[in-house]
Amino acid sequence: MKRFHMVGRAGALTALTLSLSACSLFKAPSTDARAWQDEVIYFAMTDRFANGNPANDNGPNRDAGDRADRTNPLAWQGGDFAGLKAKIEEGYFKRMGFTALWITPVVLQVPAIPVGDGPNQGKAFAGYHGYWAEDFRKIDPHLGTLDEYRALIAAAHKNGIKVIQDIVVNHAGYGATLTKTNPEWFNTKADCDASSNKTTDCDLAGLPDFKQDLPAVTAYLNDFVKYWRDTTGIDGLRIDTMKHVPDAYWKQFFAAGGVGDPARIWSVGEVFDGNPAFLARFMDELGAPSVFDFALYFAFKDQMSGAGGNLDRVADVFAQDGAYRDPTRLTTFVDNHDVRRFVSEVTERGGSAAQAAERLDMALSTMYLSRGTPSVWQGTEIAQAGLGDPYGNALGQGNREPMDFTRLGGSTLDERLGALAAARSKYRALTRGAQQELWRPNGGAPVLAYRRVISGVQGVAGQPVVFVVNNGDTELDLGSLSGGGIPLLGTFSGTALTEVTGRTNTLSVSEGKLVGRVPARSVLAVTAPGGSGAAGTVNPALPEVAGLTVKAGDSAAQLTWTPGADAKVAGYRVYVKAAGGAERLVNFAPIPATQGSFLVRGLTNDVNTTFRVVTVDSAGAESRGVTASGTPGSRNTAKVTFTVDARTQGNGPIELRRFDTGSQIEYPMTQDTPGVWKTSLDLPLFREVKFKFGNDSAGAKNGGYEAPGQGDRAYVVGTNGNAYSGTYDFTEQPVPAATVTGRVTGGGQNLGSALVEATSANPALNYAITFPDGTYTLRVPAGAQTLKASAGGYLDGTRSVTAPAQDANIDLARDLRTKYTIDGDLSDWTAPPVSVQSPAEGTFGANNNWLSLRADRDAQYLYLAYTYRVDGNSAILYLDTAPGGAKQADSFDAWKRAATFGGQVDGVNAFIARYGTEKAQLRLVQSDTATPEVNAADYLQASSGAAPEQTVELAIPWTALGLSARPAAGIGLMGGIFGGDGYGAGDIIPDARSTPAGANTITDCYASCRATFTEPLKLP
């Protein structure tokens, strides 16, 4: 699915060379005989993969937005069918073991639209991704022709590769012709407002939302899917935004004889939700052959991206496999085009690039060795980074950068993918076998182990496989685990082990346990002939559990019993049988004998379910068991009280931001005592909720989100006494051992909302915001710390303390030498030598408009004061202070913008840049590229106003500008409201509409909005 944002006119949107050998690492089987559990899928965004035919780069060339522009991350880049076909024929995919190729939608896209906010504001946003259809039965010319598409599919089939075409039946593209010829086919705002199911009846970010319940719409959508299915030879469908389409449509779609009948064509649906029970409904009730395993994705992202992750949470996902009739039908992934790349998840949590590549290998290995069909997003083979959708990121930073084949020589992941695929092909247990837990951390060492076993398959292909994950940053000796190793429970009959991917290892079997060393951030998988270890052997002498009870929750049930004291009992297993279904084993590795409770998840709601708990002896034999029943349901809820100690955030306000439903839900909190916030919520019992606490005040750090670089918080509803408590900013990082308290004042007056940072620690975490009375509570590591306090209009103050400490007061001073009081209040600017007014709005609209500029000077300082409105953009004021200087800002290493300087502007020597409501940055221009930042303590600044209205006031010593004194020739000033990196301005000062006027201009605003400054304001 394409994630959406705000855009201008649309309104709401919210050559393989070095590392691969000439020999194939994997030989794909024939496409005819393979079931989809046997596939390995490569996902390519056609426009961003390979350009095989530059002649089609501009597509239909309807306007500038159709033209390929590699400086714009939201424009077409030139990839096409010809490029994909060339890579197939080169053997690119085969050598990594991929047997299926998923490509983004091929249909004609609507014309590009302008971006309304963010770092790419004003740029053309094209449908390069394929999710904005104009004509559902035409190929987009940017990608090639229908004949070229058929040739691609034929080449794939010749090479044993299936082709999966992405489709969208939820919506059309912005302003698509269908919305004009058949407006009645689409939901209106009134329809949305009146609906009881806004997920299916409301638009996604303004995209025209089909009314699939209308027969004409159902027929139209079915016909377009049938057209591509029957005329191209594709093998499968990837279905976008599946949960946003009514159930009734899917039931007819997947029905026998339907256009999506699994007997005719395989498909996998995108259901962006982390609840296995919700995902299962689309396969088991609505008929989808497969859906993407978002539950497992979230576990990979949150728990495997750093050593602080909890592999118990990964195990919890697999423990819910009972939600599916057949979990091997799931399609698994580590990341995709809609989320931050896994490599960036690691580096955002402090991991190095090398560690990120190792952790990516670890997550991929876990995925390949687990149940389900693995899918891999392009760029993974080169450990590509990406911070998310390019809409919100500058060029080079997003997750959809064009594939860079020259980087293959620097990565071994391509070879690793081939080895993993070869193992899946050789050992059938890895594609069809049961997955049974052998070991989980239970709060201890970060190791997870599973066995994959299959019956009825002879020889090596039928051997069981055991894989072990070490999520830690240090090597792990399995012999150091409780009990001296991982119990294999009879998995193997011999002791000679083979690592299935060819990795060197020290693993062995000792007294029925797996021992040896597992390197940091890695996975090892071993096999041997199968043993006799299977559940179900009865020992009638075993005693039964007593007092078994069931408490039903949402897709889950809590079982409790009285643990026995009999030495013959080594543990317990749980079996589950839903009404009308077969009994299944929940846990192969026995629950410890001392444990008297177990949470069974992944149950089907509203179906009476029988639970059987058996005792297990040391040989793995079982008692006959005791049974009890219950009926899970979403109406089973619990009231949970959430409490967060947010004293570091001053008066907040603090809220809970929940993420486990596929979209953020915000819950306000109430301040119970100063800085401690609470809320009580009715939530589905035993549902795992993912969330963070947030600070909703304008002055909050880190965009108002706690815990930068750390994962989400997680809580299973109904545990820990129906209560959750935490400390703001510390989710994975431990809460610091010491607290420093004190007060920040300015000239004896208490300063509220002042910022206190521990510059000797990590200011992103170890900081505090003062309460209205100036007091603060700062959490820091114990020992010597250096504190810095800052507040608008005051000089920064510092203080050394030994934490913990009390009464660490800091008094900030105004700089009395300044001609103006730098406080964000411009009432004392009565008659400055430069004063310009510019009320007329520019091309970015009224909320991105430079309004006024004042300037003055004395022997010590340059004084600047300006007002503007800004929404998602930046205000930049350029200074011409000396002969020479940069003639363009296009290559600056910071704040690179489409700005040119000439005419009366000798060049730019410095500039002041401010994004949103953040602090302004003063930077010197030392060359056409070098723009070092001036220490913020070397000048004064203050700001005022609530977004978008802003006021900035500065007093800059001449020495901070690299000058020994005030320049005799004066200085030139010119500014603008700019978009993101590489883009220009929407409003500049001075210009023809300011008073006084200037000759500066903005040109070619559809392409770049380049600002050209030739006449500055002159401060003598």
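Bear in mind the structure is a predicted one, so any value in this text is a computation, not a measurement.

Visitor: What should I look at first to understand the sheet that holds strand E36 (residues 688-695) in this one?
Guide: Spatial ordering of the open sheet is given by E33-E32-E36-E37, a layout of four strands whose pairing is antiparallel. A single partner strand is all that each edge strand has here, and the edge strands are strand E33 (665-668) and strand E37 (713-716). Geometrically, the sheet is characterised by an average inter-axis angle of 35° between neighbouring strands, direction not taken into account. Pairing geometry for strand E32 (residues 654-658) and E36, over five bridges, is antiparallel. The partner of Arg657 across the bridge, within E36, is Lys692.

Visitor: How should I be thinking about the packing of aromatic side chains in this particular structure?
Guide: In this description, an aromatic ring pair is defined by two values, namely the gap between the centres and the angle between the planes. All told, the structure shown has 61 aromatic pairs when counted by the stated rule. Here Tyr42 and Phe49 contribute two aromatic rings whose centre-to-centre distance is 5.8 Å and whose plane-to-plane angle is 70°, an arrangement assigned as edge-to-face. Taken as a pair, Tyr42 and Phe49 share a single burial class, namely buried. The interplanar angle of 85° and the centroid separation of 5.8 Å between the aromatic rings of Phe136 and Tyr220 together place this pair among those described as edge-to-face. Taken as a pair, Phe136 in strand E6 (residues 133-139) and Tyr220 in helix H6 (residues 215-232) lie far apart in primary sequence, 84 residues in all. Taken together through their ring pairs, the aromatic side chains of Phe43, Trp102, Phe272, Phe292, Phe294, Tyr297, Phe298, Phe333 and Trp377 make up a single cluster. The residue whose ring lies beneath Arg48 is Tyr128, and the NZ or CZ to ring-centre distance is 3.8 Å. It is Arg451 that lies over the ring of Phe588; its NZ or CZ is 3.8 Å from the centre.

Visitor: For this particular structure, what's the right way to read the state of the cysteines?
Guide: As used in these notes, a disulfide is a covalent bond between sulfur atoms, one from each of two cysteines. Evaluated as defined, the whole model comprises one disulfide. Covalent S-S linkage joins Cys192 and Cys202, the inter-sulfur distance amounting to 1.9 Å. Its S-S torsion of approximately 90° makes the covalent link between Cys192 and Cys202 right-handed. With Cys192 in helix H4 (residues 189-194) and Cys202 in the loop between helix H5 (198-201) and H6, the pair connects residues that are 10 residues apart, well separated along the chain. Taken as a pair, Cys192 and Cys202 share a single burial class, namely buried.

Thresholds applied
Residues numbered from 1 in each chain as written. Predicted model: local features only at pLDDT ≥ 70, side-chain atom pairs only at ≥ 80, totals over all residues. Heavy atoms only, no water. Pairing = 2+ DSSP bridges. Helix = DSSP H or I, 4+ residues; strand = E, 2+ residues; numbered from the N terminus. Axes fitted to C-alpha atoms, helices over the stretch in contact; angles between N-to-C directions. Phe/Tyr/Trp six-rings, centres within 6.5 Å; stacked < 30°, edge-to-face > 60°. Buried < 20%, exposed > 50% of the residue type's maximum accessible area, 1.4 Å probe, protein only. Lys NZ or Arg CZ within 6 Å of the ring centre and 35° of its normal. Disulfide = S-S within 2.5 Å.

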